[in-house]
Amino acid sequence: MVRLILAWVNKPWVYELRPGLNSFGRNPTNDIRLSDASISSFHCELMVSKEAIVVRDVGSSNGTFVDGQMVKEEAAIKPGQTLRMGLAEFRLEETEIEVAVPRPAPKHPDSEPEAKEMSMLGRLSQTIKIAFRR
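The paragraphs below set out a description of the structure included in this document. All figures in this text were calculated on a predicted structure; none of them were measured in a lab.

The rules behind the values
- Residues numbered from 1 in each chain as written.
- Predicted model: local features only at pLDDT ≥ 70, side-chain atom pairs only at ≥ 80, totals over all residues.
- Heavy atoms only, no water.
- Pairing = 2+ DSSP bridges.
- Helix = DSSP H or I, 4+ residues; strand = E, 2+ residues; numbered from the N terminus.
- Phe/Tyr/Trp six-rings, centres within 6.5 Å; stacked < 30°, edge-to-face > 60°.
- Lys NZ or Arg CZ within 6 Å of the ring centre and 35° of its normal.
- Buried < 20%, exposed > 50% of the residue type's maximum accessible area, 1.4 Å probe, protein only.
- Contact = heavy atoms within 4.5 Å.
- Polar contact = N/O pair within 3.5 Å; in protein donor to acceptor, adjacent residues only side chain to side chain.

1. Re the pairing of strand 3 (residues 20–25)
Thought 1: Two strands pair when backbone bridges link them, and strand 3 and strand 5 (residues 44–48) are joined in this way by five bridges, in the antiparallel orientation. Residue pairing for strand 5: Ser23 is matched across the bridge by Glu45.
Thought 2: Across two bridges, the pairing between strand 3 and strand 4 (residues 32–33) is parallel. Pairing of Gly25 across the sheet is with Arg33, part of strand 4.

Here's what the structure looks like:
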């Protein structure tokens with residue numbers, strides 16, 4: 001399984017892209033809020049689908065660029081390419097997601113089929129013995 005991330009080139013921040021529309025800008029209503037002054041309130045959108053990733057500038061002041069080429073309407077972007085919004089540069093990367101295999105939960109000894117039935121008095125005395133052994 002693969003996940004797509006935008007890694008900020010000059011800062012240690014990484015943004016994970018979700019399938020579908022991802023909006024970028026300074027305004028807090030964007031999916032990904034960026035506080036750089038060169039980024040417009042509503043800067044651009046990335047549409048992530050199985051077929052492609054498309055970036056669309058939404059009327060930004062300082063422009064959106066893929067590998068130095070200005071995005072006039074829409075442009076495809078692929079992993080390894082650089083996306084620039086204003087003066088902020090990001091690199092689109094793919095990372096493998098490790099799928100953890102769930103381990104079965106440890107079973108309580110009383111839940112085992114071969115566990116002996118113990119009366120309430122037996123459990124209480126066993127608990128008391130353990131508690132006072134210190």
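2. Section: the packing of aromatic side chains
Thought 1: This structure, assessed with the given rule, holds one aromatic pair.
Thought 2: For Arg84, the ring lying beneath its charged end belongs to Phe65, and the centroid distance is 4.0 Å.

3. Observations concerning the environment of Arg33
Thought 1: For Arg33, the location among the structural elements is in strand 4.
Thought 2: Judged by its relative accessible area of 54%, Arg33 falls in the exposed class.
Thought 3: The spatial distance from the C-alpha of Arg33 to the C-alpha of Ser23 is 8.4 Å, given a sequence separation of 10 residues.
Thought 4: Sequence-distant contacts of Arg33, defined by excluding residues within four places in its chain, comprise Gly25, Arg26, Asn27 and Pro28.
Thought 5: Separated by 2.7 Å, the side chain of Arg33 and the backbone oxygen of Arg26 make a polar contact.

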